[in-house]
Amino acid sequence: MSFPSSARIVIVGGGIVGCSTAYHLAKLGVTDVLLLEQGQLTSGTTWHAAGLVGQMRPNRNMTQMSKYGIELYATLEAETGLATGWKQCGSVNVARTPERMKVLKKQLAMARSFGVECHEISPAEAGERFPVMRTDDLQGALWLPGDGKANPADLCMSLAKGARQRGVKIAEGIEVTGVLQEQGRVAGVRTAQGDVRCEFVVNCAGQWARQFGALGGVNVPLYSAEHFYIVTGKIEGVQPTLPVMRDPDGFIYYKEEVGGLVMGGFEPKAKPWKMDPIPSTFQFQLLGEDWDQFEVLMTHAMHRTPCLETAEIKLLLNGPESFTPDGNFILGEAPELRHYFVCAGFNSSGIANSGGAGRLMAEWIVGGEPSTDLWDVDIRRFGSFTGNRKALAERTAETLGLHYAMRWPRQELETVRPLRTSPLYDLLAAKGAEFGSKNGWERANYFRPAGALRPEYTLESPDWLPWMIEEQKATREAVALYDQTSFSKLLLQGRDALGLLQRLCANEMDVPVGKMVYTPMLNERGGIESDLTVMRQGADRFLIVTGSAQATRDADWIGRHIEPEENAVLTDVSAMFCVLSVMGPKARQLLARLCPEDLSPESLRFSWTKEIDLGFARVRAARMSYVGGPGFELYVPVEMARHVYLELMAAGQDLGLRDAGYYALDALRIEQGRRAWGAELGPDETPWEAGLAFSVKLDKPHAFIGQAALRAARGQPLRKKLVTLVATHPEACIWGGETILLDGEPVGEISSAGYSPLAGGFVGLGYVRGENANRAHDGTPGHIELWGERVGHPPSSALSAVLVRSTIERPYWWMEQGGGALYAATSRGSRPPGGGGQSRSRVPRRPDPATQPTQTINCGTAH
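The present account deals with the structure reproduced in this document. (Residues numbered from 1 in each chain as written. Predicted model: local features only at pLDDT ≥ 70, side-chain atom pairs only at ≥ 80, totals over all residues. Heavy atoms only, no water.)

Attention now moves to the pattern of salt bridges. As enumerated under the stated definition, the model contains 49 salt bridges in all. One salt bridge in this structure joins Glu 199 and Arg 8, with 3.8 Å as the shortest N-O distance. With Glu 199 in the loop between β11 (196-197) and β12 (200-203) and Arg 8 in the segment before β1 (9-12), this residue pair connects regions lying 191 residues apart in the sequence. A residue is classified by how much of its surface remains accessible, and Glu 199, at 41% relative accessible area, is partly exposed. (Salt bridge = Lys/Arg side-chain N within 4 Å of Asp/Glu carboxyl O. Helix = DSSP H or I, 4+ residues; strand = E, 2+ residues; numbered from the N terminus. Buried < 20%, exposed > 50% of the residue type's maximum accessible area, 1.4 Å probe, protein only.)

Printed below as a string of structure tokens:
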């Protein structure tokens, strides 16, 4: 093959991810594709991967992706004629502790809901399937018969052949040394053999993806760690049909290989490979043995499989693999450069997930947007600051070990903190704030009383719950102050700013100066790309407020829709303003002590803003409340935030003012049925399904993205419907992710959950899916499944019933009235321990009651 000078798409990297992407592009009919590999196919990481292939992922879409990969691997050999080594041997996951067994039972319920065959088995049954395993200390296990293993190198070569057969060109020994750009778009790549002009570049460079991304100005935050497994000689009792076995409490996994075992794992504190840059000549190479680093895994393995004490150890393999700051892989179009896609950072699960990821990447490139909700793995979840190499190295030492470590509800990562802080950080820390991290921002989750220690993580009712409840009560009965500085804030200016917003937003954006509008931005499918609040500050000036995690994503979505001839400039001003939310029935009384302006509802109406004097500062006050009830958000210049905070705290002591954190805020937003982007809202949910019809002006004079899809879906049966479930029994501690059942069958999952003193228990939001979305009406019996047990059998049982309400079109306008009485009158849901909280679905106007089909469904629960 002569080296081509052009191709429509250039894929950089010839491991399994790159070959899968090429294969799936060709299957979609896109064959003008050139794959460039600096060495030989598989020579980076693929060749030494362990080859475990499992189906279960943390959410529905990622699980479907993995399931597709297994279906592909099972048929690929017949298609290409090349062996893949695929063997559906099943997998056994064991639990040593009661807590781990609870987690496995939750995974069992999720698997059934996701359509994955999964069975709970006893320790003895686990031992029958994996006879070289010790079982006397086990609590139980899961059996997934559809899981398996493959030969990574053979699988990669089979994908490459399938791509070639359809017309893809593959060139080995070609190092890409630069990315050509024109007008903010990819124009080609540079190699020693000459430039190649192209429309698209796909970065599938594996552990080289970060340094290759830098050549095009693209941030790909991943870092390599030394990663280990041993290969043994033949062991009596190890048969070719032996399933994959995982013992996460021991951090280890096993698979059969040539009558022996491959045993590896994810040690709690990993060893970053501090080689920067990684040489392009590092091909088919390994790192030196490190038995000290491997010792913790070997110790657990000899306990679980005593046969290793005498087995021949043929090899301790140390092959570096790349890991990301949050343990999820990286897909999508880079926000820095149009038509530059990334598919990398698979965190040692590339073999299992490359089949599905390659298809998703091909669909995204060809279709112009992802075919499903990929937020968990979207490259736009990372800000530019995440490319810091010291931070990546330290975080990698932590995230590798989290693969098998016990993951507790609301567990926070510990490394690379604190990084982004509000001016109030030290003041709040001194007052007992326990912080969480969102997009690098330190945010107070709750406040410990003086002398109290930080509680341990738990699956049961947490020790911080009473402290959070006091913050909730202050919000409803007196006044509470929330530091919400982490909100993302984007300033849109220019003569075409309004026209741009009208095109992007489903709500009417041509409102008077000073007005706030809550609106979704939709994709062509009618799914919610973001929900945000827009303040009109002038004829051609709008402040866009969105979730803490969404700054890069939303800026990219808005920016990519600015046409070249339009005069509109978008600027991220998140770090310029703090947001202090003063919430509760005494909020106006508190502000009146510091502000000469009239802040009565007649002077400053709900969802309106105005600039006011407060102490010595000048701030913008917005009558708006994410938690429901009366309150104000204060947008304060960052250099004045400390002064404003101290003035408020001094003036409010006799009013019962107290600091409050995000756990209380999140619980209260669920109590009011407020949706959160990333939990209840996303690219796969439409406003009709999420109960947000009030935020859509379908017949506004300006066409908007997604309008046609919404019109087509209006009046049609729903694919899913958002509901609220309230568990009143104190033992039913819901964290999020629990399975919802109707008539005993799984119909969805809890997306957010938390505690509500009003309901006397935990409350969850979640979608009922499929035909059940249209037959679930008031009084429909239902349950949730909590740690494998159904909550709420008959009402007379020890576990109380759960009330399920349709979370559709609630008239939020009345929340401005009632104060403390409102708290006693509303029982709509809440959330402490799990889910959501990334954005705010706040309603700035009274909806038309004629369009509000509120329903109440009486349901049970599952414990």
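Here we take up the pairing of strand β6 (residues 140-144). In the case of a regular strand, side chains alternate between the two sheet surfaces. Within β6, 5 of the 5 residues are buried, which leaves the element mostly enclosed by the surrounding structure. Burial along β6 is two-sided: Gly 140, Leu 142 and Leu 144 and Ala 141 and Trp 143, pointing in opposite directions, are all buried. Of the pairings in the sheet, the one linking strand β4 (residues 91-95) to β6 comprises 5 bridges and is antiparallel in character. For Ser 91, the partnering residue across the bridge sits in β6 and is Leu 144. Sheet analysis places strand β5 (residues 119-121) next to β6, joined by 3 bridges and oriented antiparallel. The residue bridging His 119 from the neighbouring strand is Trp 143, located in β6. (Pairing = 2+ DSSP bridges.)

Space inside the second largest pocket adds up to approximately 680 Å³. Of all the secondary structure elements, the ones that give two or more residues to the lining of the second largest pocket are α8 (350-367) and α13 (551-560). Broken down by class, the residue content of the lining of the second largest pocket amounts to 12 nonpolar, 6 polar and 14 charged. (1 Å grid on protein atoms, 1.4 Å probe; cavity = no way out; pocket = protein on both sides within 12 Å on 5 of 7 lines; lining within 4 Å. Points joined across faces, edges and corners; volume = space filled by probe spheres on them. Nonpolar A, V, L, I, M, F, W, Y, C, P; charged D, E, K, R; others polar.)

Another aspect to go through is the packing of helix α1 (residues 16-27) against helix α5 (residues 152-165). Direction vectors running N to C along α1 and α5 enclose 30 degrees, while the axes themselves pass 8 Å from each other. By the angle between their directions, the pair α1 and α5 is classed as roughly parallel. Here α1 runs over α5; the crossing is left-handed. Contact residues: α1 offers Ile 16, Cys 19, Ser 20, Ala 22, Tyr 23 and Ala 26, while α5 offers Leu 155, Cys 156, Leu 159, Ala 160, Gly 162 and Ala 163. (Axes fitted to C-alpha atoms, helices over the stretch in contact; angles between N-to-C directions. Parallel < 35°, antiparallel > 145°, perpendicular 65-115°, else oblique. Left-handed = near helix turned anticlockwise from the far one by under 90°. Contact = heavy atoms within 4.5 Å.)

Considering all chains together, one arrives at 7 cavities of 30 Å³ or more under this definition. Computed from the structure, the largest cavity encloses a volume of approximately 80 Å³. Together, Ser 422, Leu 424, Tyr 425, Leu 428, Phe 435, Trp 441, Glu 442, Arg 443, Ala 444, Asp 483, Thr 485 and Ser 486 line the largest cavity. At 4 residues, the largest contribution of residues to the lining of the largest cavity is made by strand β24 (residues 441-447). When its residues are assigned to classes, the lining of the largest cavity shows 6 nonpolar, 3 polar and 3 charged. In this model, the second largest cavity occupies a volume close to 70 Å³. Every residue along the wall of the second largest cavity is listed here: Gln 207, Arg 210, Gln 211, Leu 222, Tyr 223, Ser 224, Trp 273, Met 275 and Ile 278. Elements with a minimum of two residues in the lining of the second largest cavity: α6 (209-215) and β13 (223-226). Looking at the lining of the second largest cavity, its residues break down into 5 nonpolar, 3 polar and 1 charged.

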